[in-house]
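Spelled out, the chains give:
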Amino acid sequence: MINKDLGIDFLGVHFENPFCLSSSPVDNCYEMCAKAFDEGWGGVVFKTIGPEHFKIDEVSPRFDELTKEGTPFVGFKNMEQIAEHPLQENLDDLTKLKKNYPNKIVIASIMGTNEDDWVELARLVTEAGADMIEMNLSCPQMTSHAMGSDVGTNPALVKKYCAAVKRGSDLPMMAKMTPNITDMVPAAKAAMDGGADGIATINTVKSVANLDLDKKVALPIVNGKSSISGFSGKAVKPIALRFIQQLRVAAGMEQLPISGIGGIETWEDAVEFILLGSTTLQVTTAVMQYGYRIVEDMKNGLMHYMEEQGVDHLSDLVGIANKNILPAEDLDRDYKVYPKIDWDKCIGCGRCFISCFDGAHQAITWDEKTRRPSVDYSKCVGCQLCNLVCPVGAISTGKIEMKPGRQGNVEDIDIESVRLTH
Amino acid sequence: MSNNYTKEDSGYTMTTVAEEAARCLLCHDAPCTKACPAGTDPARFIRSVRFRNIKGAAETIRENNALGAICARVCPTEKYCELACSRSGIDVPIDIGGIQRYVTDFEQQAGMKILEKGKSNGLKIAIVGSGPAGLQSATTLLEKGYAVDIYEKNTKPGGYLTYGIPEYRLPQNIVDYEIKRITDLGATLHLNTAIGSDITMDQLKADYDSVILAVGASEAKMLPMFDDQANVETAVDFLARVKDAKGEVTEPDNVVVVGGGDVAMDVSTTLKRLGVKHVTDMVYEEFAEFRASKKELAGTQKAGVTIVDGYVPESMTGNEVTFKHRKIDAEMKIKADKVILAIGQQVNTDGLGITTKRGEVPFIGYQTQDPKVYVTGDIAHGDKTVVWAVRKGKEVAEEIDKTLMGGRQND
């Protein structure tokens, strides 16, 4: 079995691998975190610890899922807030975890209601032995508007509270950002100005996932009513990657240290977050669905990827794809690429014909007798929708052609992808 | 063991049917839809399931087929829609019958009433026989505004559906529900009424605008060597007896079945489900030319039946039957407690005023020489399956309508 070093340094702390549980129901107590460490996770961001005076009172039920066809958990809606256990019990768990798992990384997530809370919580978790602090400035379902994403969308408060944490602790600290904002850069800059060492993102996206059509109430139904709350899982991955990309290309933030979060469940998801600038990774939803064991395939798959890429240090991969995502106006618009149909694979279902007519440019014709499509190059714009809808991978990218009057050598044009050519 | 006889295999759940529907490629020119003899549109109802519109799926099935829940269970789909399925180009066809069963079960549980009676046109049709062809023609005629009376010689309606197909494959409550739908629509059933003895054809012709004969092939064929043998029973009698008793029957330990069609498979599997230790099915055809559907054959083999292909019965002495191979020099003698003959069925046309040749009327189409009298179902030209009975039931109704109404819309 392959074995490569997945170790990586983040904010001056060494992680044996980049995979961490994010602050959530999956790391709510010592036993859970211990089991996760035993199964191979590199770190945990222990479920957010709040001040003693703020009482957590949860609803029941508290989850919902978005499904599609036979696929469960396309997305996951969650109404749970921060840790319910008494403050001292949480602090004792942190101490015990660090004592029993000295090589694993224990990150304390904290959330206060005012500056004093933040200072005090930072001091307490530092005394308890945590390796790092994560500030939860982003939970979208808190019962107090002085906490969570209402704070994270206010750069002045973000800066003030980051500075407060730095007064209470000298541990490395990351601020966890909310995606419920048009531009994350001002909030992230405010966090860094306030003393944060890095950024964790994204937290969950505010959502209403489903409604009960008879009762006319959103799900989950909490004694007849429901609330907007955070959405996570595979469906939010594109949103998370977009925010991370935007942070990493903002002026002055090119080397911003990021802990990436949002829909990670496979090694491929993990690599995407790393290539766009994440140094560590955090996971919850996939663990809620499948358990801690998913880390085994994420680690092993990542090792094989590094081997294929000839990379010995994971840090060599961090952020190397940022430069390949450009503003729309900077892309090459001088050519088009036609689809190529593999007749050995085509089974004659006609899905390409339907999608091209109804969703693109009527460039595929259909032979009723032979049940086979053909491409009308005079109409094809090279969008490759047919390629995406083909259920058997019979359509790939084919001939490249320069648009009339444009300069360029088709030999030099790079559009090949294993994810589009099958 | 009757439990095993009455127990139907479990069907899909909402989750598993969604998974199966998601396998469907949603073809542009769905070959499954072109392949159904009854004109069912699987492409459309599977798409409805895919997009979570189960009620719409039920409408697609029911508006086309009065026996949708029955066809879902007994149709040899491997020869029709599933044979045509494009998914076979990847792995295995979509389980169209299984999806149809989920949808029609939903329709029943939701108490949906999809069929609508047409506005009365004042015309009356008599249908002789309440099997699948009679039931479908009744439904189509009712939808067009005709009044319909169905005459059935037996005590229960349904013909072969009720008396022939075993309970584990087609629960009687499904048959009863399908028939209730049709009587709710306005069909009147006259049970225990035989044509000839209880009411004459002349009487029917006088009382009705048209008469449809849908009597089917309800009588078992015999072979002379088995005449007067005490421990020989026909498949028709056996299946009817077991179904009527809901499997509460006692059979001996060693039974030989003669025949290789779906009926022989039903008899053999039923015997195993009843707990018979040794069931040997002797088949005229060799495996390469087998008549039973692959699904039925597989079920029979799974049940533990010994199947011997290529043998013809020669003689029976006491409880010993001698078989000879059709092509090679081989002979088998089997001592059996009982022999069940599943070698085909024949038509009884007594009192109907028609003639048949090899079980069919000797012409293509539905109208007989007597312009008031039509035939449909197994006695009409074409395949002898439930799905074909549905097709013929619709077609005979269309032909009557064309004759009586000149194809005019009744509105």
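Residues numbered from 1 in each chain as written. Chains lettered and ligands numbered in written order. Predicted model: local features only at pLDDT ≥ 70, side-chain atom pairs only at ≥ 80, totals over all residues. Heavy atoms only, no water.

A. Region of interest: the packing of aromatic side chains. Across all of its chains, the model carries 11 aromatic pairs over all chains by this definition. An angle of 15° between the planes, with centres 5.2 Å apart, marks the rings of Phe73 of chain A and Phe76 of chain A as stacked. Classification of Phe76 of chain A as buried rests on a relative accessible area of 5%. For the pair Phe287 of chain B and Phe290 of chain B, a centre-to-centre distance of 5.0 Å together with 25° between the ring planes defines the contact as stacked. Residue class for Phe287 of chain B comes out partly exposed when judged on its relative accessible area of 36%. For Phe290 of chain B, a relative accessible area of 15% puts it in the buried group. Here the aromatic residues Phe63, Phe73 and Phe76 of chain A are joined through ring pairs into a cluster of three or more. Here Arg242 of chain A stacks its cationic end above the ring of Phe243 of chain A, 3.9 Å away from the centre of that ring. Geometry around Tyr284 of chain B places Arg326 of chain B over its ring, the cationic atom sitting 4.2 Å from the centre. (Phe/Tyr/Trp six-rings, centres within 6.5 Å; stacked < 30°, edge-to-face > 60°. Buried < 20%, exposed > 50% of the residue type's maximum accessible area, 1.4 Å probe, protein only. Lys NZ or Arg CZ within 6 Å of the ring centre and 35° of its normal.)

B. Just the sheet that holds strand S6 (residues 71-78) of chain A, in detail. Residue and element names in this part refer to chain A. Pairing is antiparallel across the open sheet formed by 4 strands, whose spatial order is S5-S6-S14-S11. Of all strands in the sheet, those bounded by a partner on one side alone are strand S5 (63-68) and strand S11 (205-207). Between one strand and the next, the sheet's axes are offset by a mean angle of 40°, whatever the strand orientation. Sheet topology places S6 next to strand S14 (residues 229-232); 3 bridges connect them, and they run antiparallel. Bridging across to S14, Asn78 finds its partner in Gly230. (Pairing = 2+ DSSP bridges. Helix = DSSP H or I, 4+ residues; strand = E, 2+ residues; numbered from the N terminus. Axes fitted to C-alpha atoms, helices over the stretch in contact; angles between N-to-C directions.)

C. Summary view of the domain arrangement of chain A. According to the domain assignment, chain A consists of domain 1 (8-324) and domain 2 (332-421). The straight-line distance from the C-alpha centre of domain 1 of chain A to that of domain 2 of chain A is 41 Å. (Domains from an automatic or database assignment.)

D. Broad picture of the environment of Met147 of chain A. All names here are of chain A. Take Met147: it is sitting in the loop between strand S8 (132-136) and helix H4 (149-152). For the pair formed by Met147 and Leu137, sequence separation is 10 residues and the distance between their alpha carbons is 7.1 Å. Those residues in contact with Met147 that sit more than four places away from it in its chain are Pro51, Phe54, Ile82, Met111, Gly112, Thr113 and Met142. (Contact = heavy atoms within 4.5 Å.)

E. A look at the interface of chain B and chain A. Residue-level contacts link 13 residues of chain B with 14 residues of chain A. The three residues of chain B that bury the most area against chain A are Leu25, His28 and Asp29 of chain B, which together make up 45% of that side's buried surface. If you look at where chain B meets chain A, you find 2 salt bridges. Ionic pairing is found between Arg50 of chain B and Glu69 of chain A, a salt bridge with its closest N-O pair at 3.1 Å. (Buried area = accessible area lost by both parts, 1.4 Å probe. Salt bridge = Lys/Arg side-chain N within 4 Å of Asp/Glu carboxyl O.)

F. Molecular detail of helix H9 (residues 132-143) of chain B. All names here are of chain B. In a regular helix each residue adds 1.5 Å, so 12 residues correspond to 16 Å; H9 covers 17 Å between its end C-alpha atoms and thus fits that length. Of all 12 residues in H9, 11 are buried; the element is thus mostly enclosed. Of the residues making up H9, those classed as buried are Pro132, Ala133, Gly134, Leu135, Gln136, Ser137, Ala138, Thr139, Thr140, Leu141 and Leu142. Immediately downstream of H9, the backbone of Gly145 shows phi near 105°, a positive value. (Expected span 1.5 Å × (residues − 1).)

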